[in-house]
Amino acid sequence: MSEKKEPSVWQGFKAFLTRGNVVDLAVAVVIGAAFTNIVNSVVKGVINPLVGAFGTKDLDHYSSCLKDPCVVKNGEAVSGIPIMWGSVLSATLSFLITAAVVYFLMVLPMSKYLAKQTARQAAKEGTQEVIEVTELEVLKEIRDALVAQRGASPGETGQSGGDAR
């Protein structure tokens, strides 16, 4: 009895890593991290100063106090219960900007491209069907003509051959 060799852990790991979707996912994560840095820079460098025209230049400083008096030192609450809604607003703006850029620069163009590809493929298949139908009709006509010719030939040759003798 021969035993089947199971792939080693290293071979399984290698197969896992070389699958296309794993590599694509890794690339997407790296690009996403880099893109997040860009979006955060836009929020901190452009959006925060625009909001700062009406108040504090840093959204992270916007807060409310649930229990007075609120004293925050070095990012930690010394007294009171502060609600740091400015950082939530900053993160929400970062998310919305990221989502908008991904949608308008990646998802929308890709969906339009795929729709065009599908339409081209459908048109190509439609043309093939028309050509196949046309070829089929021509072949049917040729068949009918041959059948008609065979059916008429013996009678005609029999009559003309009989008259000629």
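Here the structure is shown first, and the text comes after it.
Residues numbered from 1 in each chain as written. Predicted model: local features only at pLDDT ≥ 70, side-chain atom pairs only at ≥ 80, totals over all residues. Heavy atoms only, no water.

1. Remarks on the overall build of the chain
Secondary structure summary: the chain contains three helices and two strands in total. Of the regular secondary structure in the chain, the N- to C-terminal order runs α-α-β-β-α. Scored against the burial criterion, the 165 residues of the chain give a buried share of 7%. Contacts in the chain between residues at least 24 apart in sequence constitute 36% of all its contacts with a sequence separation of at least 6. Only carbon and sulfur atoms are counted for the fraction: they give 64% of the accessible area of the chain, which is about 13,700 Å². (Helix = DSSP H or I, 4+ residues; strand = E, 2+ residues; numbered from the N terminus. Buried < 20%, exposed > 50% of the residue type's maximum accessible area, 1.4 Å probe, protein only. Contact = heavy atoms within 4.5 Å. Areas by Shrake-Rupley, 256 points an atom, 1.4 Å probe, with all protein chains shown as cover.)

2. With respect to a nonpolar patch on the surface
The grouping of L66, I81, I83, W85 and L89 at the surface amounts to a nonpolar patch, some 460 Å² of accessible area in total. If you list the elements that add at least two residues to the nonpolar patch, you get β2 (76-83) and α3 (85-164). Relative to the elements of secondary structure, I81 occurs in strand β2. Given the relative accessible area of 40%, I81 is considered partly exposed. (Patch = residues over 30% accessible without salt bridge, like charges linked within 9 Å, V, L, I, M, F, W, Y side chains within 5 Å. Salt bridge = Lys/Arg side-chain N within 4 Å of Asp/Glu carboxyl O.)

3. Quick look at the packing of aromatic side chains
Applying the stated criterion to the full structure yields two aromatic pairs. Pairing Y103 with F104 gives two aromatic rings, centres 5.1 Å apart and planes at 80 degrees, and the pair type is edge-to-face. Residue class for Y103 comes out partly exposed when judged on its relative accessible area of 40%. Take F104: its relative accessible area is 53%, and that puts it in the exposed class. (Phe/Tyr/Trp six-rings, centres within 6.5 Å; stacked < 30°, edge-to-face > 60°.)

4. Let's talk about the pattern of salt bridges
Overall, the coordinates contain one salt bridge when judged by the stated rule. We note a salt bridge from R143 to D144, for which the minimum N-O separation is 3.1 Å. R143 gets classed as partly exposed once you look at its relative accessible area, which sits at 47%.

From the geometry alone we can't say anything about function, so treat these as descriptive.
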